[in-house]
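Architecture at a glance
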Amino acid sequence: MTKIVFKNIHRPDSHTLAVYRASGGYQALEKALAMPGDDIIDEVKRSGIRGRGGAGFPAGLKWSFIPKDDRAKYLVCNADEGEPGTCKDRDIIRYDPHLLIEGMIIAAHAVKAERGYIYIRGEFYREAERLQAAVDEAYAAGLLGDNVLGRGVRFHLAVHRGGGAYVCGEETGLLESLEGKKGQPRLKPPFPANVGLYGGPTVINNVETLASVPEIIAQGGAWYAKLGVEKSAGTKLFSVSGHVNKPGNYEVELGIPLKVLLEEHAGGVRGGWENLKGVIPGGSSSPILPKAVCDTVTMDYDALSRAGSMLGSGAVIVIDRSVCIVRAIARLSRFYRHESCGQCSPCREGTGWLAQVMERLEQGKGVAADIDLLLSVADNIQGKTICALGDAAALPVVGAIRAFRAEFEYHVEHGRCMVA
Amino acid sequence: MQTRQGIVRVLEQAEKMPTLIVDGKEISVQPGATIMDAARLLGIYIPHFCYHPQLSVAGNCRMCLVEVEKMPRPVISCAMPVSEGMVVKTDSEMVRKSRKAVMEFLLINHPLDCPVCDQGGECSLQDLAMKYGPDRSRYHEFKRHAQNYDLGPLVETEMNRCIHCTRCIRFSDEIAGVSEMGAVFRGDHMQVGPYVPKQLSSELSGNLPDVCPVGALNNKPFHFQARGWELKQSEGICAHCGVGCHVRVDHLEQQVKRVMARSCGVINQSWLCDKGRFAYDGLTRERLQRPMVRSEENTTLQEVSWPVALERAAELLKRFKPEQIAGLAGEGLQGAEELFAFQDFLRHVVGSVDLDHRLRQRDFSGDEQPLTRADLLMNTPLVDLARADLILLVGADPRFEAPLLNLRLRQATLAGARAFAIHPRQLNHNLAHLTQLPVLPGGEVALLEGLLQELQSGTESSPLAVAWRGAKRPVLLLGEYAVNHPQAESLRRLSVALLERVGALGSGWNGFNRLTGRGNAAAAQDMGVVPHRAAGYQRLEQRGRNAQQILRAAANGEIRVLLLLGCDPGLEGVDTTLGRAALAKAFVIHIGAYQSPAVARADVVLPGLAITEREATLTNIEGRAQRSPMAVMGPLEAKEDWRILRALSDRFAQPLAYNTREALQARMASADHRYSLADREEEELSPACDHSPVTVGLQTAASSPVSVGGGGLSLVLEPAFYQDDAVTRRSAILGQLAQGRSAGLGVVRLHPQEAERHRIRAGQKVRLIRDARSLECLAALDAAVPCGALWGDMGHASALLQDLCDWDGGFPQVSLVGL
């Protein structure tokens, strides 16, 4: 299968500039620097690539929102990979940091940004070191700085380590944190494309999105658009975790059936396909899919949306029949309660409420009304918060009750778990 | 926050005014306006907690969610900018459901302790819970507990009630300019409080309970004093500095229970300083209850009936010739009514020409010139101060002279205005930035002269001169220090000349501002309580003696009767030693509300009413005359001051010609047209200064030169912000905020280096010696005070540093001995 972001990671010392160059690295940059910025944006639009961080917003469209005024513009790479289950960006940074850097230089050239930041998750300590080393190499090689490759383009890139807050993965929370403030998402509008970092127009992209850019430029947007399926173009990294025999990051074309991804790439579900209980397909914020849906669903934006979940960050969490869904979701609710920034009322109060009720249910101290209460509280959070964290906390609870209501009722009636 | 303001500016770049429909009503609004703004213009109320019209938008409470057609989710109206063709529904099913959801979230961890909450009855959360709250809780978990803090004597915390709207944080950061409040922790552990638990330092911290929409931050002195709904509310005007803020006086059973800010866009917006808010407990302390008389043979004051007291007063006034009679009025708490009646009584009933109110003023050389109102008050309206592009403070400390004026200056500096200060003491300011020019006491005139020379010769090189030359809307403020300076008139004329150089005295922009810090000093000028001018700035045929001359004449027996209106020259003024000598020698008739040493010395005491107990016209530093109605009743036998004068005048051949307050006010209005208030709207009230041309082109060297040096230390006294008049000095609440009083001793502040030179430790008892006079006080170290000077507060009853001062020869040079 076609590999785009993982095309180099099997090479020894793939993280070094020498190896990256030997495998054709930075040739796309040469090509891009000869192109006007708008042509690059058009090429990316043509590729149909959608944001790989979770929201799935078309990247080329996002770039085209940057106003053509004389304000200083910024490019920010969101490497705050904090969505539970997701570990794909980490591998890109570990094994192919120059791919990201090349993608960023191209993107910056396209939107006329002269400064870029990579906001990397605080826990990625070694990865940040390796990334910094790669940035230093790039500076030394004239790939970054006041005159990129002697072509009169200025681009400075800095690596910034976050403090480990999940909410700083939200793009405006990230900007606040980058500016040195408390990581709290901003009100939108205005959107970062108009008023972003330090008040300037800002493009914020996920690591995987930016790492796909060199290949799109090298091979052309039309080539990329042929990969995958309608409206879900290209390849995607899936971080498969949980009850499979070969958990790991897999780059496959979008639209692959979930069953194929798990059975053929990830070594199969532990104890066989029939032992599958459900799959969380796109990181912890996406509602769980019961096995019946997993049998047929394909892994692309639209199909997962139709199935009542979402592609999200591509973190596939596989859950077999040994797992208590109530307990699993209670753990997730605790996570969201802990990570809510506390700024807006529905999320601050709602995540805490959900987590406490989930915990009571899990401990067998719930009452029947708690299940509908959870649905009501989740509904009250959804769509009323400043950022998507509120929705992210509500959706798994709603999804789990929808698919596995019997397990919740069993907890209420028997005071214990169905599976234990 | 800055970013958010930047955002608004960017959004404002849209050109035309968008039109939208809110609840079926069409309206066009300014580009960048929000749905909330549009709804407010239409008179549609959208429930909210975190939104505050004077603070930045936080958008965190989510209560103001509304439905916008074609938008999938409800949007918050406080932050959503209006766009063309928007159709907004503020009361649809979706909106009601959203509000109920938000309301429930806000209530689940709220203690619901309304019965014991001071905010009960005037609480946004309670009010909106009535409409949108559930009638029972679905929340069966443990409620969280938040930490309380000791924020000092003004603000009580009950943080369990906090709904995290961050209004207090935004107020501290944006308005008060002191980042004392913040939020720590995240999620449902988030807690609002001071980053560092300590007494709030802002002079505006009393506004925190006002901006708090719930009972988390409470008015501490009011804590458990009354329920909001029991209180009767009266409108009022604050008299404790010259800004004239609009207040609401809340009272119960004729007792003032608290003072709140009343919104007035052209003066105090919706804020109030701590002095104005918390002085009220001094209103009723040490009051004069009944008339008293000291008979010739008896040395003690005895309570008598009004007729006996008035008869005795009339007898004293008739016994001596008019030129042996003089009057001194206070400027702080007197209404224009009694000030007018006072000068009318002295000039036209008694026939005396000697009266003054300027006990603190040292330099009277300006009296020689026919000064107009524009020379004595502010010419830049308060609202326009925020538009200034250059600010020069000359002997002014606006933060602690007129805090609400200072807010406008702060706004100007936040918007990019440059600010300079000429003041020998390092100012504790909260402007965005301030460049202070080094100067020693007495060196101010030379500094301004140098600046003027730079501008006249066209060789600007100092940063201030360069900025001054380039300024389009400069404002210059002469503050208390400059007004009471030994060379006040020179400073004033130099200021006028500086503004004239850059054409900033015209009707388009007039940047000359003299701050008469004390309450109603502007009315005392308008009403002619000065020896050289009659009411309404009319010329007088015969000039009288000024405050200094009156006291001197009384002390040496030329003046035999002093008529005092709400003032005590033994306590206030430049030279209290002289003041007490005058009181000891002359017969004293005292009209006033409060006990004081002058009362103990008086021969006739006529009890008046406090500022909240009568209708009074108060004129602010801009020259706006505003009427402050009566709120509560005073002591039974006390009378309005002007009625006392009216009754007294009955015993003379030509009594005062008005029997009602309305008739008196009509007389005031005919003397000065700015006092005809009847047909004016609340917001305009009366015109601010009328931009009449100020006296220009006068010789700037008006005042006598000041001798500086001479071996001693210059003793400089400034008004104590929290203890500046009869009420504030008596306020126990403000007493907790005031510094500089300790164990009955005054405090003198000096620079640590100066202290080291004199081998004096902080807190040590010292003796100040000047010629034959000396005074014991405590030394405090203060790096804001320049070397070579001693700094002290004016007007403390317990230790009068003014005892060491007099009108002659500039700042007194004193020597310092450690004890």
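Higher on the page you've got the structure.
Residues numbered from 1 in each chain as written. Chains lettered and ligands numbered in written order. Predicted model: local features only at pLDDT ≥ 70, side-chain atom pairs only at ≥ 80, totals over all residues.

Within chain A, the regular secondary structure consists of 17 helices and 13 strands. A globule of 420 residues ought to have a C-alpha radius of gyration of about 22 Å, and chain A, at 22 Å, matches this closely. Sorting the 420 residues of chain A into buried and exposed places 60% on the buried side. Intrachain contacts of chain A at a sequence separation of at least 6 include 70% that bridge at least 24 residues. (Helix = DSSP H or I, 4+ residues; strand = E, 2+ residues; numbered from the N terminus. Rg over C-alpha atoms; globule rule 2.2 N^0.38 Å. Buried ≥ 20, exposed ≤ 12 C-beta atoms within 10 Å, placed from the backbone. Contact = placed C-beta atoms within 7 Å.)

It is worth spelling out the sheet that holds strand β5 (residues 87–89) of chain B at this point. All names here are of chain B. With respect to topology, five strands assemble into an open sheet ordered β2-β1-β5-β3-β4, the strand pairing being mixed. Strands with a single pairing partner mark the edges of an open sheet, and in this sheet they are β2 (25–28) and β4 (75–76). Across the sheet, helix α3 (residues 93–108) is in contact with β3 (65–68) and β5; its angle to β3 comes to roughly 155°. (Pairing = 2+ DSSP bridges. Axes fitted to C-alpha atoms, helices over the stretch in contact; angles between N-to-C directions.)

Okay, the interface of chain A and chain B next. Each side of the interface is counted separately: chain A has 27 residues, and chain B has 30 residues. Taken together, the elements giving at least two residues each to the side of chain A that touches chain B come down to α14 (325–339), α15 (345–362) and α16 (368–381) of chain A. For the side of chain A that touches chain B, the element with the most residues is α15(A), which contributes nine residues. Class assignment of the residues belonging to the side of chain A that touches chain B gives a composition of 10 nonpolar, 13 polar and four charged. (Nonpolar A, V, L, I, M, F, W, Y, C, P; charged D, E, K, R; others polar.)

Attention now moves to the packing of helix α6 (residues 97–111) of chain A against helix α9 (residues 207–219) of chain A. All names here are of chain A. It is at 7 Å that the axes of α6 and α9 come closest, and there the two elements cross at 75°. If you check the angle between α6 and α9, you find them roughly perpendicular. Along its contact with α6, which presents Leu 99, Leu 100, Glu 102, Gly 103, Met 104, Ile 106 and Ala 107, the element α9 presents Val 207, Leu 210, Ala 211, Val 213, Pro 214 and Ile 217. Among the residues forming the contact of α6 with α9, the class breakdown is 11 nonpolar, one polar and one charged. (Parallel < 35°, antiparallel > 145°, perpendicular 65-115°, else oblique.)

To continue, consider the pairing of strand β27 (residues 616–619) of chain B. Residues and elements named next belong to chain B. A two-sided burial pattern is seen for β27, the buried positions comprising Ala 616 and Leu 618 on one face and Thr 617 and Thr 619 on the other. The pairing of β27 with strand β28 (residues 625–628) spans four bridges and is classified as antiparallel. If you follow Ala 616 over to β28, its bridge partner there is Ser 628. In sequence, β27 turns back onto β28 through a hairpin of five residues, with Gly 623 there showing a positive phi of about 95°.

Now for the environment of Pro281(A). All names here are of chain A. Tracing the backbone shows Pro 281 in the loop between β10 (276–280) and β11 (289–290). Looking at Pro 281, the number of C-beta atoms within 10 Å reads 29, which means it is buried. The spacing of Pro 281 and Ala 303 is 22 residues in sequence and 11 Å in space, taken between C-alpha atoms. Ignoring any residue separated from it by four or fewer positions in sequence, one finds Pro 281 in contact with Leu 258, Ser 286, Leu 289, Met 299, Leu 304, Ser 309, Leu 311 and Val 316.

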